[in-house]
Amino acid sequence: MKEEGERASYGERGDSASLEDHVDRRRAQWMRELPDLDTEPMAILGRAKRLSNLVAGSIEETFAAFGLDRGEFDVISTLRRAGPPYQLTPTEMYTSMMLSSGGLTHRLSRLEKTGLIRREKSNLDGRSVVVTLLPRGIELAEQAFRADMANELLILQPLNREERDLLSALLRKLLHSIESQSTPEV
């Protein structure tokens, strides 16, 4: 760990100026207070959390421009990704989205009132309900997703293609390891 006054350098290749960020400063403080403790996990997981927190507002603004919040976008994008006929049961949706059924029900009610989805009894099982993404919802999901990807690409501009690919591969490897130790995703 660098001393508090030193700047952390980015990369071994010397392809970027010396950088110091929020996490480096916190690690330096901990190094001073608890020099025997390895704070390396903060360098990765702390940055991942901070990054997520910092970009959340921008992502929310993107969806708000389409009259959606992030949760509503999650619902319509889940239905859109399902492909024609853009239908899923609430159970399929909330297990895929990792939501409580109550949280999903509230979102479905709001989306139904705005004419983006329809809930109806299943033809296969009269006790079950299917949620269908309506044409207006299909169009809105696509537009909002395109805008979101453009926004997120702008956020990633400090990294070149090779760096983005490497970061993606490393995060995939870490995520795969963590997911394989937890409850299987439906």
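My aim in this report is to walk through the structure given alongside it, one point at a time. (Residues numbered from 1 in each chain as written. Predicted model: local features only at pLDDT ≥ 70, side-chain atom pairs only at ≥ 80, totals over all residues. Heavy atoms only, no water.)

Take the side chain of T78 next. With respect to the helices and strands, the residue T78 is situated in helix α3 (residues 70-81). Within the structure, T78 has its side chain in polar contact with the backbone oxygen of D74 (distance 2.6 Å). (Helix = DSSP H or I, 4+ residues; strand = E, 2+ residues; numbered from the N terminus. Polar contact = N/O pair within 3.5 Å; in protein donor to acceptor, adjacent residues only side chain to side chain.)

As a further point, take the sheet that holds strand β2 (residues 117-121). Ordered in space as β1-β3-β2, the three strands form an open sheet in which the pairing is antiparallel. In this open sheet, the two strands that pair with only one neighbour each are β1 (87-88) and β2. In this structure, β2 lies alongside strand β3 (residues 129-133), joined through five bridges in antiparallel fashion. Residue pairing in the sheet places K121 in a bridge with V129 of β3. (Pairing = 2+ DSSP bridges.)

Two elements in contact, helix α4 (residues 90-97) and helix α5 (residues 101-113), have axes separated by 10 Å at closest approach and are oriented at 115°. In terms of orientation, α4 lies roughly perpendicular with respect to α5. Seen from above, α4 lies across α5 with right-handed handedness. Together, P90, M93, Y94 and M97 of α4 and S101, L104, R107 and L108 of α5 make up the contact between the two elements. Grouping the constituent residues of the contact of α4 with α5 by class yields six nonpolar, one polar and one charged. (Axes fitted to C-alpha atoms, helices over the stretch in contact; angles between N-to-C directions. Parallel < 35°, antiparallel > 145°, perpendicular 65-115°, else oblique. Left-handed = near helix turned anticlockwise from the far one by under 90°. Contact = heavy atoms within 4.5 Å. Nonpolar A, V, L, I, M, F, W, Y, C, P; charged D, E, K, R; others polar.)

With 23 residues, the main nonpolar core has L68, V75, I76, L79, M93 and I117 as its most contacted residues. Those elements that provide at least two residues to this core are α2 (40-64), α3, α4, α5, β3 and α6 (135-155). Aside from chain neighbours lying at most four places away, what touches L68 is F63, F73, I76, L111, L116, L140 and A144. (Core = buried A, V, L, I, M, F, W, Y, C linked by side-chain atoms within 4.5 Å. Buried < 20%, exposed > 50% of the residue type's maximum accessible area, 1.4 Å probe, protein only.)

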